[in-house]
2 protein chains.
Amino acid sequence: MRKLINAPADVVVDALRGLAAAHPSLRVDLENRIVVRGDAPRAGKVGLVSGGGSGHEPLHGGFVGYGMLDAAAPGEVFTSPVPDQILAATTAVSSGAGVLHIVKNYTGDVLNFRMAAELAEDEDIGVASVLVNDDVAVEDSTYTAGRRGTGATLFVEKIAGALAEEGGALDEVAAVAREVNERSRSFGVALSPCTVPAAGEPTFELGDDEIELGIGIHGEPGRERAKAATAIEIVDAALSAIDADMPLSGAEVLVLVNGMGGTPLIEQYVAYSAAADWLADHGAIVARTLVGPYVTSLEMAGCMVSVCRLTPELTRLWDAPVETPGLRWGR
Amino acid sequence: MRKLINAPADVVVDALRGLAAAHPSLRVDLENRIVVRGDAPRAGKVGLVSGGGSGHEPLHGGFVGYGMLDAAAPGEVFTSPVPDQILAATTAVSSGAGVLHIVKNYTGDVLNFRMAAELAEDEDIGVASVLVNDDVAVEDSTYTAGRRGTGATLFVEKIAGALAEEGGALDEVAAVAREVNERSRSFGVALSPCTVPAAGEPTFELGDDEIELGIGIHGEPGRERAKAATAIEIVDAALSAIDADMPLSGAEVLVLVNGMGGTPLIEQYVAYSAAADWLADHGAIVARTLVGPYVTSLEMAGCMVSVCRLTPELTRLWDAPVETPGLRWGR
């Protein structure tokens, strides 16, 4: 296991220490293991909280800041955060205007966020929840009933975060978050597995000339094992799967070509080139683009393609200023 | 070879196509293989040109834009750009105020930039050159006479770019670029090798429990092969080597903990935590921080630590707005 860590049990806390040291604008509470905007709670603002297993950085802790999340609750690597942790994040950002939980659809996350929401309601904090389930690869999976939440989580956090920053009410922010999720789809491909530090062994095995189509962000099996393929073929598989589920022809789209953690940027741009060609050939209009490792899976090699069918309002909110460690523009 | 590419010979052009499609603010000239700011040449502005082998993205093409480079000339993977390419970049950004070449110290880069500068002078373009040679690991190396140019290239491009954006004259911009280089040091550690697509084999071999201390950004050998170590030990090796060459006690520093391409962000933050502790323990004051994969070496796992001893003026220029695909803030 070749990892730049101290001890497997300390990875999450050590990384949180690093995040705190590198970004003084964040409050990192090591005891509760939460990452909070330095200026939270902000009077009158709906608080946005997300979280989930660690190992997907910059998601979610790197997306805490102006115009995006107010707090994140990172669990152990690939492990749901516990309810008390989510409750602490919720309480930390509650200003009376309500808190939105953005939850990726994994069984543990769903249960623990639900429990945290109930505990928050006991403290008179109004909580709404939105489930992200954008992954078209499989209907049920190792860790989910229903589709997995993957790359579109970034879209939901950015766009709902912009509306909350503008003063949107809880029901409005929740509605736009659901709208983004409904209009978004993702599909991932792994060229290599990854190794959870505490386990010490790869999450799965791939033959030298194999790839996994429809992989999840924890190395869960996808649709099928296939022979090694070109970037054009891999992107075609991803976008064809998305298009079959949500037709893209004629749509104005936001596209994320997302590195899974171990694939360098030069290859992500090779993949994006293929995606841009595919979308043009299939009548979609690319209005906004993001290329980079945003929703990762430790050191897994490969990429995920995520697409959101935009509306003028979603485009406006996407373009709104954001200032977080992992995403920053326009301010 | 598990790579998200189409064919080894097409990687650089395919990635440039992707860069062009993703960033309409850039002009990507596929014939000359150069990346140019959309608004270049800007009247009265010193043009900043850098380049070098591909495989280090976002360096250099991803640093073209407001407040940083005016153009980049990417060679084949780990191969110097040719003089005609550098000349085309120089011509494209020349507005009469002169052009600064920022050259990483590798024999091929130095020769080809020099030849391009001579060709540019023939066209009455005034060219100044600054050499980046920040890597303290080795004195001479596989591809260099003298020290290698690595992570500090980002510091030089950002800070010189800010002064050029403000209207600094060629000699002033060159002087601040040299000052940044002189005040900066780097040291890298590899946990795995990388594979040049055209070669198909790893650049070197590491045993299962080995790391390479003082690695170059092309997999060139470093100082020594060592046993696998913790992040704290690895960062101690890097910062001790830097401190021995340029004492850090009492200095206000800018620190980059740079992922080499295959190491995920969670591990880079683990390393930054160790770096922050080390610097505090050794009396250095961390004034600015950057954590992420900025100067990469394909899919190599590991990290590089780069440190610049700031002055108030260098800090001001570092903080100035920048808007490029790879680095963006304050605008």
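Residues numbered from 1 in each chain as written. Chains lettered and ligands numbered in written order. Predicted model: local features only at pLDDT ≥ 70, side-chain atom pairs only at ≥ 80, totals over all residues. Heavy atoms only, no water.

The name given to chain A in an unreviewed UniProt entry is Dihydroxyacetone kinase subunit DhaK, and the organism recorded there is Actinomadura rudentiformis.

Q: Sorry if this is basic, but what is going on with the sheet that holds strand β11 (residues 285-292) of chain A here?
A: Adjacent strands of a sheet pair through backbone hydrogen bonds, lying either parallel or antiparallel. Residue and element names in this part refer to chain A. Read across the open sheet, the 6 strands follow the order β9-β8-β7-β12-β10-β11; overall the sheet is mixed. Looking at which strands have only one partner, the edges of the open sheet turn out to be β9 (224-227) and β11. Neighbour-to-neighbour, the strand axes of this sheet turn through a mean angle of 20°, independent of strand direction. The pairing of strand β10 (residues 252-259) with strand β12 (residues 302-309) spans 7 bridges and is antiparallel. Looking at β12, one finds that Leu-256 is bridged to Ser-306. On top of the sheet, helix α6 (residues 231-245) reaches β7 (184-190), β8 (210-213) and β12; it is set at about 150° to β7, its chief contact. Across the face of the sheet, helix α8 (residues 312-319) comes into contact with β10, β11 and β12 while running at roughly 30° to β11. (Pairing = 2+ DSSP bridges. Helix = DSSP H or I, 4+ residues; strand = E, 2+ residues; numbered from the N terminus. Axes fitted to C-alpha atoms, helices over the stretch in contact; angles between N-to-C directions. Contact = heavy atoms within 4.5 Å.)

Q: Would you mind showing me how to read the layout of surface pockets here?
A: If a probe as big as a water molecule is rolled over the atoms, it shows which places are left empty. In this structure, the second largest pocket encloses a volume near 1,500 Å³. Around the second largest pocket, the lining comprises 49 residues; the ones closest to its centre are Ser-192 and Pro-193 of chain A together with Arg-2, Ser-192 and Glu-299 of chain B. Here the lining of the second largest pocket is composed, by residue class, of 22 nonpolar, 12 polar and 15 charged. (1 Å grid on protein atoms, 1.4 Å probe; cavity = no way out; pocket = protein on both sides within 12 Å on 5 of 7 lines; lining within 4 Å. Points joined across faces, edges and corners; volume = space filled by probe spheres on them. Nonpolar A, V, L, I, M, F, W, Y, C, P; charged D, E, K, R; others polar.)

Q: Help me understand the relation of the copies chain B and chain A, please; the structure alone is not making it clear to me.
A: Laying chain B over chain A is done by rotating through 180° and shifting 0.0 Å along the axis; what remains is an RMSD of 0.0 Å. The superposition operator between the copies reduces to a two-fold rotation axis. Considering only C-alpha atoms, the residue of chain B closest to the rotation axis is Gly-262 of chain B, which sits at 2.1 Å. (Least-squares fit on C-alpha atoms with pLDDT ≥ 70 in both.)

Q: Any chance you could explain the interface of chain B and chain A here in plain terms?
A: The figure often quoted for interface size is the accessible area lost as the parts come together. At the interface, 53 residues of chain B touch 53 residues of chain A. Summed over both partners, the interface of chain B with chain A comes to about 4,300 Å²; 64% of that surface belongs to carbon and sulfur atoms. Contact with chain A buries surface across chain B, with Arg-2, Leu-4 and Ile-266 of chain B losing the most and accounting together for 21% of the total. Connecting chain B to chain A are 2 salt bridges. Between Glu-267 of chain A and Lys-3 of chain B there is a salt bridge, with its nearest N and O atoms 3.9 Å apart. Between the two partners, chain B and chain A, sit 19 residue pairs in polar contact (both at pLDDT 80 or more). (Buried area = accessible area lost by both parts, 1.4 Å probe. Salt bridge = Lys/Arg side-chain N within 4 Å of Asp/Glu carboxyl O. Polar contact = N/O pair within 3.5 Å; in protein donor to acceptor, adjacent residues only side chain to side chain.)

Q: Which parts of the structure should I look at to understand the environment of Glu-157 of chain B?
A: Residue and element names in this part refer to chain B. Along the chain, Glu-157 falls in helix α4 (residues 152-165). Exposure remark for Glu-157: the relative accessible area of 0% places this residue in the buried category. Sequence separation between Glu-157 and Val-180 is 23 residues, and the spatial gap between their C-alpha atoms is 9.4 Å. What Glu-157 contacts, discounting residues up to four positions off in sequence, is Leu-48, Ser-50, Leu-59, His-60, Phe-63, Gly-67, Met-68, Leu-69 and Ile-102. (Buried < 20%, exposed > 50% of the residue type's maximum accessible area, 1.4 Å probe, protein only.)

Q: Got a minute to help me understand the packing of aromatic side chains in this structure?
A: Residues and elements named next belong to chain B. On inspection of all chains with the given rule, the structure shows 4 aromatic pairs over all chains. Here Phe-155 and Trp-318 contribute two aromatic rings whose centre-to-centre distance is 5.8 Å and whose plane-to-plane angle is 85°, an arrangement assigned as edge-to-face. Of the two residues, Phe-155 is situated in helix α4 and Trp-318 in helix α8 (residues 312-319); the sequence distance between them amounts to 163 residues. Of the two residues, Phe-155 and Trp-318, neither departs from the other in class, the shared state being buried. Here Trp-318 and Trp-329 contribute two aromatic rings whose centre-to-centre distance is 5.3 Å and whose plane-to-plane angle is 55°, an arrangement assigned as tilted. A residue pair is termed long-range when its members are at least 10 positions apart, and Trp-318 in helix α8 and Trp-329 in strand β14 (residues 328-329) qualify at 11 residues. In terms of burial, Trp-318 and Trp-329 fall into one category: buried. (Phe/Tyr/Trp six-rings, centres within 6.5 Å; stacked < 30°, edge-to-face > 60°.)

Q: Please clarify how the domain arrangement of chain A should be interpreted in this entry.
A: Residue and element names in this part refer to chain A. Annotation of chain A at the domain level lists domain 1 (8-183) and domain 2 (184-321). At the interface, 40 residues of domain 1 touch 43 residues of domain 2. Both sides together, the interface formed by domain 1 and domain 2 hides about 3,400 Å², and carbon and sulfur atoms give 64% of it. Of all residues in domain 1, Phe-78, Phe-155 and Arg-183 give up the largest surface area on contact with domain 2, accounting jointly for 22% of the area buried on that side. Seen at the junction of domain 1 and domain 2, the total is 2 salt bridges. Note that Asp-245 is salt-bridged to Arg-147, the shortest N-O span being 2.6 Å. Between domain 1 and domain 2 we count 21 residue pairs in polar contact (both at pLDDT 80 or more) in total. No other element matches helix α4 (residues 152-165), which puts 7 residues into the side of domain 1 that touches domain 2. (Domains from an automatic or database assignment.)

Q: Is there a simple way to explain the sheet that holds strand β1 (residues 26-29) of chain B in this structure?
A: Residue and element names in this part refer to chain B. On the basis of which strands lie adjacent, the open sheet formed by 6 strands has the order β1-β2-β4-β3-β5-β6 and mixed pairing. Lying at the two open borders of the sheet, with one neighbouring strand each, are β1 and β6 (127-132). On average, adjacent strands in this sheet sit at an angle of 20° to one another, irrespective of strand direction.

Q: Whenever I open this one, the side chain of Lys-104 of chain A confuses me. Can you help?
A: Residues and elements named next belong to chain A. For Lys-104, the location among the structural elements is in strand β5 (residues 99-104). As a buried residue without a salt bridge, Lys-104 has its nearest oppositely charged side chain in Asp-109, at a separation of 4.3 Å. There is a polar contact of 2.8 Å between the side chain of Lys-104 and the side chain of His-60. Beyond its immediate sequence surroundings of up to four residues, Lys-104 is in contact with Gly-51, Gly-52, Leu-59, His-60, Asp-109, Val-110, Val-132, Gly-149, Thr-153 and Ile-217. (Lys, Arg positive; Asp, Glu negative; His and termini not counted.)

Q: Even after reading the chapter, I still don't get unusual backbone geometry, so can you show me in this structure?
A: The phi torsion of most residues other than glycine is negative, and most of the peptide bonds are trans. A cis geometry characterises the amide bond from Ala-40 of chain A onward to Pro-41 of chain A, with omega recorded as -10°. For Leu-298 of chain B, which is not glycine, the phi dihedral falls at a positive 50°. Looking at the secondary structure, you find Leu-298 of chain B in the loop between β11 (285-292) and β12 (302-309). On the accessibility criterion, Leu-298 of chain B (2% relative accessible area) is buried.

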